[in-house]
Amino acid sequence: MERGGLTNATVELPRLLLASRDARPRPDAEIGGVLLHDVGLLDVIRLSAAGTLPVAVDADTVEGLAPDEAAIAFLVERLRLPIVITRRPALAARAGALGCVALLHVHGLDSTGWERAMAAHPGPPVGTAVSPGLILTHLDAEQLRSLPRPVLAYGLIRRSTERDAAFAAGADSVVVS
Amino acid sequence: MSQASPSDFLARFAAFPCGAAVKTGDELDAAVRSRAGAVFLLRGNGLELAPVIRRVHDAGKLAVVHVDLVDGVASDIAGVRWLARSGADAVISSQGQAVRAVRAEGLVAIQRLLCTSGAAIDLALTAVSRSQPHIVELLPGVILPAVADLVLPRLGVPLLAGGFVRSGDDVRRLIAAGALAVTTSERALWNAAG
């Protein structure tokens, strides 16, 4: 892959994603991609073209982007972003149908909210981005087993021990900052 | 029951460090028979809560209503006023505007701090500093030890930890990390919270 956009049909979730508002990665060979969040739409366009690593985008946090299918199609088909994260199940399903790695963003705040969020999950091929990523190690075996893959641990992972614990709990990828 | 004060809540949590988070009638039955000093009502018809709150009071416990989660009541001044009239001792919300309304009504105000990312924590702590709740509840509470350095130095009020709290070990760990008490729907902890 030569730039941040999709260049082939087979896309995998990098093991480590760097949370960033800039597509230029820090000098860390372990970082396999960049997750753009809390940026403007024009920045996403610029950064998706400029990056050298696969670019993921947290679509719900992009200023100027509507929460609708047109926005998802733009990210996947026009910008060719390989990984799209959204809290909206229908949009996650749409992104998955368009061929990118689509992740439903689920907030793990308490067990009741968790059950509600998972009940709305569209299921494979849509995977799951779990926030905070720290919560993965506190889910029970059944909750972990029922998570549609791939699973991204997203948020508040600041220490190497926390990263390792997330992988041990079953994360396929971890967002670091 | 006369109007509860923040110190009434602190005393209850000092005596037993676990609040009962209740969503169903069965859970309410268990909560009013438990050792928990405060019952957190997270579901139900907010317009018909007065008998439920009375039952909580009759059991000698404090009643906390989550205005964002109960049906029928908006998280605004009028909604909070209704809950005050229904007998709630405290109202909990993640919205600063609602928390300010709770204080204005003379109830104990509890603000939820939703910890999904570092940015979310920053925003929530800024909101807390503006709305000045009496107590903050951190969710998911079980991660408190990992984020205590981000939260506690900027917090000047007592902290509850709620969310995925399942065992006595969790309770002990969270209190050691700085929580005043926990809130949980795990019934076993309502009688033996560590």
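Numbers given to residues run from 1 along each chain, matching the order in which its sequence is written. Chain A is the first chain written and ligand 1 is the first ligand written, with later ones labelled in order. With pLDDT at 70 or above as the cut-off, local features in this predicted model cover only qualifying residues; side-chain atom pairs require 80 or more to be listed or tallied, and sums for whole chains, interfaces and linings still use all residues.

(A) Just the overall build of chain A, in detail. Helical segments are the DSSP runs of H or I of at least four residues, strand segments are the runs of E of at least two, and each set is numbered from the N terminus. Regarding its fold elements, chain A presents six helices and eight strands. The helix and strand sequence of chain A, counted from the amino end, reads β-β-α-β-α-β-α-β-α-β-α-β-α-β. Neighbour density around each residue's C-beta defines its exposure: 20 or more other C-beta atoms within 10 Å make it buried, 12 or fewer make it exposed, and counts between make it partly exposed, where C-beta atoms are placed from the backbone. For chain A, the residues scored as buried account for 46% of the 177 residues in total. For every residue pair, C-beta atoms are placed from the backbone, and the pair is scored as a contact if these atoms sit within 7 Å. In chain A, once contacts between residues fewer than 6 apart in sequence are set aside, the share between residues at least 24 apart is 44%.

(B) Molecular detail of the overall build of chain B. The number of helices and strands found in chain B is eight helices and eight strands. The globule rule is 2.2 Å times the number of residues to the power 0.38, and the radius of gyration it is compared with is taken over C-alpha atoms. Rg of the C-alpha trace for chain B: 15 Å, near the compact-globule value of 16 Å for 194 residues, within the 12% margin. Seen through its C-alpha atoms, chain B measures out along the principal axes to roughly 40 × 35 × 25 Å. For chain B, buried positions account for 52% of its 194 residues.

(C) Up close: the nonpolar core. Put simply, a nonpolar core is buried Ala, Val, Leu, Ile, Met, Phe, Trp, Tyr and Cys residues tied into one set by C-beta atoms within 7 Å. Residues A:Val57, A:Val84, B:Val39, B:Leu41, B:Val64 and B:Val91 are the most contacted members of the largest nonpolar core, which totals 120 residues. In this structure A:Val84 touches A:Val57, A:Ala59, A:Ile72, A:Leu75, A:Val76, A:Ala95, A:Cys100 and A:Ala102, once residues within four positions along its chain are discounted.

(D) Here's a closer look at the pairing of strand β2 (residues 33-36) of chain A. Residues and elements named next belong to chain A. Every second residue of β2 is oriented toward a common face, with Gly33 and Leu35 on one face and Val34 and Leu36 on the other, all of them buried. With three bridges connecting them, β2 and strand β3 (residues 55-58) associate as parallel partners. Note that in β3 the partner of Val34 across the bridge is Val55. Strand pairing requires that DSSP identify at least two bridges connecting the strands.

(E) Representation of the interface of chain B and chain A in the model. Contact with chain B, which involves 17 residues of that partner, is made by 16 residues of chain A. At the level of elements, α6 (118-131) and α7 (144-151) of chain B are the ones that each hand at least two residues to the side of chain B that touches chain A. Class assignment of the residues belonging to the side of chain B that touches chain A gives a composition of 10 nonpolar, six polar and one charged. Amino acid classes used here: Ala, Val, Leu, Ile, Met, Phe, Trp, Tyr, Cys and Pro are nonpolar; Asp, Glu, Lys and Arg are charged; the rest, including Gly, are polar.

(F) Spatial organisation of the environment of A:Val126. Residue and element names in this part refer to chain A. In this structure, Val126 sits in the loop between α4 (111-119) and β6 (127-131). On a C-alpha basis, the gap between Val126 and Leu109 in space is 21 Å, while along the polypeptide they are 17 residues apart. In this structure, Val126 is in contact with Ala92, Ala93, Gly96, Ala102, Leu103, Leu104 and Pro148, ignoring residues within four places of it in sequence.

(G) Highlighting the environment of B:Asp149. All names here are of chain B. In this structure, Asp149 sits in helix α7. The class of Asp149 is exposed, set by 9 C-beta atoms lying within 10 Å. The spatial distance from the C-alpha of Asp149 to the C-alpha of Leu62 is 31 Å, given a sequence separation of 87 residues.

(H) Seen up close, the confidence of the model for chain B. When pLDDT is averaged along chain B, the result is 96; 98% of the residues meet or exceed 70. Here the prediction assigns the complex a pTM of 0.92, and the interface score ipTM is 0.90. Residue-level confidence of the predictor is summarised by pLDDT, bounded by 0 at the bottom and 100 at the top.

(I) Up close: helix α6 (residues 160-169) of chain A. By the burial criterion, the buried members of α6(A) are A:Glu162, A:Arg163 and A:Ala166. On an axial view of α6(A), the arc spanned by its buried residues comes to 100°, and they lie on one face. Among the exposed residues of α6(A), those oriented more than 90 degrees off its buried face are A:Ser160, A:Thr161, A:Asp164 and A:Ala168. Residues of α6(A) that are buried sit in contact with β7 (151-153) and β8 (173-176) of chain A together with α7 of chain B. Positive phi appears at A:Gly170, one or two residues downstream of α6(A), with a value of about 125°. Picture the helix axis, draw a direction to every C-beta atom, and the arc is the one those directions span.

(J) Highlighting the sheet that holds strand β7 (residues 159-162) of chain B. Residues and elements named next belong to chain B. Reading around the barrel, the eight strands line up as β1-β2-β3-β4-β5-β6-β7-β8 and close back on themselves, with parallel pairing between neighbours. Put simply, the sheet's adjacent strands are angled 25° from each other on average, direction ignored. Taken together, the four bridges between strand β4 (residues 90-93) and strand β5 (residues 108-114) define a ladder with parallel strand orientation. Bridge pairing in β5 links Val91 to Ala109. Helix axes use the C-alpha atoms of the stretch in contact, all axes being lines fitted to C-alpha atoms, and the angles between their N-to-C directions lie in the range 0 to 180 degrees.

(K) Spotlight on the sheet that holds β8(A). Pairing in this closed barrel of eight strands is parallel, and the strands run β1-β2-β3-β4-β5-β6-β7-β8 (chain A) around the ring. With strand direction ignored, the average angle separating the axes of adjacent strands in the sheet is 25°.

(L) Here's a closer look at the packing of helix α2 (residues 69-78) of chain A against helix α3 (residues 89-97) of chain A. Residues and elements named next belong to chain A. Remark: α2 packs on α3, axes separated minimally by 10 Å, with the N-to-C direction vectors making an angle of 35°. Handedness of the α2/α3 crossing: right-handed. For the pair α2 and α3, the contacting residues are Glu69, Ile72 and Val76 in the first and Leu91, Arg94 and Ala95 in the second. Looking at the contact of α2 with α3 residue by residue, the classes come out as four nonpolar, no polar and two charged. Crossing chirality is assigned from the near helix's rotation relative to the far helix, an anticlockwise turn below a right angle marking it left-handed and a clockwise turn marking it right-handed.

(M) Quick peek at the packing of helix α5 (residues 96-104) of chain B against α6(B). Residues and elements named next belong to chain B. One can describe the packing of α5 onto α6 by two numbers: an axis separation of 9 Å at closest approach and a directional angle of 25°. On the basis of the axis angle, α5 is roughly parallel to α6. As for the relative orientation of α5 and α6, their crossing is right-handed in sense. Along its contact with α5, which presents Gly96, Val99 and Arg100, the element α6 presents Ala127, Arg130 and Ser131. Residue classes in the contact of α5 with α6 are distributed as two nonpolar, two polar and two charged. Orientation is classified from the angle alone, with under 35 degrees giving roughly parallel, over 145 giving roughly antiparallel, 65 to 115 giving roughly perpendicular, and any other angle giving oblique.

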